[in-house]
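Here is what each chain is made of, one letter per residue.
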Amino acid sequence: MSADTKPSTRRPRSAKPAPVPPSCDTCDGTGETTTTVRVGRKRREIGATQTGLCPSCLGTGTA
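First, a word on what this report is: a plain description of the structure on this page.

Each value, and the rule that gives it
Residues numbered from 1 in each chain as written. Predicted model: local features only at pLDDT ≥ 70, side-chain atom pairs only at ≥ 80, totals over all residues. Heavy atoms only, no water. Helix = DSSP H or I, 4+ residues; strand = E, 2+ residues; numbered from the N terminus. Buried < 20%, exposed > 50% of the residue type's maximum accessible area, 1.4 Å probe, protein only. Contact = heavy atoms within 4.5 Å. Pairing = 2+ DSSP bridges. Salt bridge = Lys/Arg side-chain N within 4 Å of Asp/Glu carboxyl O. Disulfide = S-S within 2.5 Å.

### Observations regarding the environment of Cys 27
Its place among the elements puts Cys 27 in the segment before strand 1 (32-39). A relative accessible area of 6% means that Cys 27 is categorised as buried. In this structure the C-alpha to C-alpha distance between Cys 27 and Ser 8, which are 19 residues apart in sequence, comes to 52 Å. With sequence-adjacent residues up to four places away left out, Cys 27 is seen in contact with Glu 32, Thr 33, Cys 54, Cys 57 and Gly 61.

Structure representation (structure tokens):
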């Protein structure tokens with residue numbers, strides 16, 4: 001047997017760009033949603049709003 005052959009080497013792979021996840025439709029990618037404040041037994045709306053985490057994406061902004 002002859003030992004004249006070179007050992008095989010692996011070529012480095014080029015880095016692929018990470019896929020960009022689509023933004024959430026509910027919060028438009030911000031991660032927060034606004035809702036009107038309701039008070040009383042009949043749940044009447046007052047002129048205030050509050051922000052909270054988006055229920056669809058849980059604040060990440062991606063779908």
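Structure's up, so let's keep going.
### Thoughts on the pairing of strand 2 (residues 44-53)
On any regular strand, side chains alternate: one points to one face of the sheet, the next to the other face. Of all the ten residues making up strand 2, zero are buried; the element is thus mostly uncovered. Summarising the sheet, strand 1 and strand 2 pair through seven bridges and their orientation is antiparallel. In the sheet register, Thr 36 faces strand 2, and the bridge partner there is Thr 49. Between strand 1 and strand 2, which follow one another and run antiparallel, lie four residues, and Gly 40 among them has a positive phi close to 85°.

### Remarks on the environment of Pro 55
Among the secondary structure elements, Pro 55 is positioned in the segment after strand 2. Overall, the relative accessible area of 64% leaves Pro 55 in the exposed class. Taking the C-alpha atoms as reference points, Pro 55 and Cys 27, 28 residues apart in sequence, are found 9.1 Å from one another.

### A few points about unusual backbone geometry
Positive phi is not limited to glycine here, since Asp 28 has a value of about 60°. Mapped onto the secondary structure, Asp 28 falls in the segment before strand 1. A positive phi angle is found at Leu 58, which is not glycine, with a value near 55°. Checked against the element boundaries, Leu 58 lands in the segment after strand 2.

### Thoughts on the pattern of salt bridges
Oppositely charged side chains are able to pair whenever their charged atoms sit close together. Across all of its chains, the model carries one salt bridge by this definition. A salt bridge links Arg 38 to Glu 45, with the shortest nitrogen-to-oxygen separation between them at 3.2 Å. A relative accessible area of 49% means that Glu 45 is categorised as partly exposed.

### A look at the state of the cysteines
Evaluated as defined, the whole model comprises zero disulfides. Cys 54 supplies the cysteine sulfur nearest to Cys 24, a cysteine that is in no disulfide, at a spacing of 3.8 Å. Lacking any disulfide linkage, Cys 54 is separated from the closest cysteine sulfur, that of Cys 57, by 3.7 Å. Judged by its relative accessible area of 1%, Cys 54 is buried.

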